[in-house]
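Each chain is listed here by its residues.
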Amino acid sequence: MENKKIAEQYDKKPDLIMQFLALFNQIDKHFDKILKLDIYLPYNEKLKRIINGKYTISWFVKVHQFQLKYFGEIRNQITHGIKLDGHTYVYPSPYAIAQLARYADNIKRPPRCIDLFGRKVFTCKSDDKLINIVKVMEDHDYSHVPVYDENENYIWVLSESEVLSWLTKDENWKDIKNIKVWDIPLIHDSKYVIFVHKKYNIYEIDKLFTLKKERKEKLGVVFITENGRKDEYILWIITAGDTALVDTYVIH
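Residues numbered from 1 in each chain as written. Predicted model: local features only at pLDDT ≥ 70, side-chain atom pairs only at ≥ 80, totals over all residues. Heavy atoms only, no water.

### Comments concerning helix α3 (residues 43–52)
Along an α-helix, residues three or four positions apart point the same way, because every turn accommodates 3.6 residues. If you check which residues of α3 are buried, you get Y43, K46, L47, I50 and I51. The arc that holds the buried residues of α3, viewed along the axis, is 130°, so those residues lie on one side. Set apart from the buried face of α3 by more than 90 degrees, the exposed residues are K48 and N52. Summarising the contacts, the buried residues of α3 are in contact with α2 (15–35), α4 (58–63) and α5 (65–80). (Buried < 20%, exposed > 50% of the residue type's maximum accessible area, 1.4 Å probe, protein only. Helix = DSSP H or I, 4+ residues; strand = E, 2+ residues; numbered from the N terminus. Arc of directions from axis to C-beta. Contact = heavy atoms within 4.5 Å.)

Here's what the structure looks like:
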């Protein structure tokens, strides 16, 4: 009798199941849209294809694949699980629904770089006095500054670490008032600087930094332009120091 009352209590709350299934279907249908499917494909196979593909959410799905697979198992238990005495044996908790809602939102609307790093990019000219540029870098905590020549052509990057290293070498700091930006060694390593187009989302940026780290290479800065070209105006800048913020959107 007591078990029957408990079952009746849960069966009177179908909204738990309905909310879960509605959110899960949002994710499932979005996967269909991304993969351009017009035939049935098992959910786990969709996950596999997205992870192995080059989609805007591939990295996020890879990082969270086990959680997403588990949501699929819950869905299967709810929709295909054995029912005894007309009662469902699996009910998603409010926490599970809240987590699934977060995943659905992140998958359908990946955080854009423009929303997180839409700050003004400070640049300098190669013939600028270094002391003036260093002051701006200190005041605003800039670690990297794009350098342009007199014809507004992008040259490369002035980095805080290179400036400090050069100034302390052979006591170059003694003549700092006369030093120009072009006197400082600029970073020309194409692996250290990457240009990407403005449609990149935060998951794709995280992938760039993570893969570089796995290869034991250093990615210092990502410049975002309209189409990812060096000859375009730099819209936003993401440095290695921003990876902690990036991680908060990718790994929770």
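Moving on from the coordinates now.
### Details of the nonpolar core
In this structure, F20, F31 and I205 are the most contacted members of the largest nonpolar core, which totals 43 residues. When residues in this core are grouped by element, the largest group, 10 residues, is from α2. In this structure, F20 is in contact with F71, I74, R75, I78, P92, I97 and L100, ignoring residues within four places of it in sequence. Of all hydrophobic cores here, the second largest spans 27 residues; its members include W166, V181, Y192 and I237. (Core = buried A, V, L, I, M, F, W, Y, C linked by side-chain atoms within 4.5 Å.)

### What to know about the packing of α2 against helix α6 (residues 94–108)
Relative orientation of the contacting elements α2 and α6 amounts to 20°, with a least axis distance of 10 Å. Relative to α6, the element α2 lies roughly parallel. Handedness of the crossing formed by α2 with α6: left-handed. Contact residues: L16, Q19, F20, L23, F24, Q26, I27, H30 and F31 in α2; I97, L100, A101, Y103, A104, I107 and K108 in α6. Split into classes, the residues belonging to the contact of α2 with α6 amount to 12 nonpolar, 3 polar and 1 charged. (Axes fitted to C-alpha atoms, helices over the stretch in contact; angles between N-to-C directions. Parallel < 35°, antiparallel > 145°, perpendicular 65-115°, else oblique. Left-handed = near helix turned anticlockwise from the far one by under 90°. Nonpolar A, V, L, I, M, F, W, Y, C, P; charged D, E, K, R; others polar.)

### Concerning the sheet that holds strand β4 (residues 193–197)
Ordered in space as β4-β5-β6, the 3 strands form an open sheet in which the pairing is mixed. Unpaired on one side and paired on the other, β4 and β6 (236–239) mark the two borders of the sheet. On average, each strand axis in the sheet is tilted by 25° relative to the strand beside it, whichever way the strands run. Pairing of β4 with strand β5 (residues 221–225) involves 5 bridges; the strand directions are parallel. Among the inter-strand pairings, V196 is bridged to a residue of β5, identified as I224. Sitting on the sheet, helix α10 (residues 202–214) is in contact with β4, β5 and β6, with an inclination near 155° to β4. (Pairing = 2+ DSSP bridges.)

### Things to note about the pairing of strand β3 (residues 154–159)
Across the 6 residues that make up β3, a large majority, 5, are buried. Bridge count between strand β2 (residues 144–148) and β3: 5 bridges; the pairing is antiparallel. When the sheet's bridge partners are listed, Y148 is paired in β3 with Y154. Between the antiparallel neighbours β2 and β3 lie 5 residues, among them E152 with a positive phi of about 65°.

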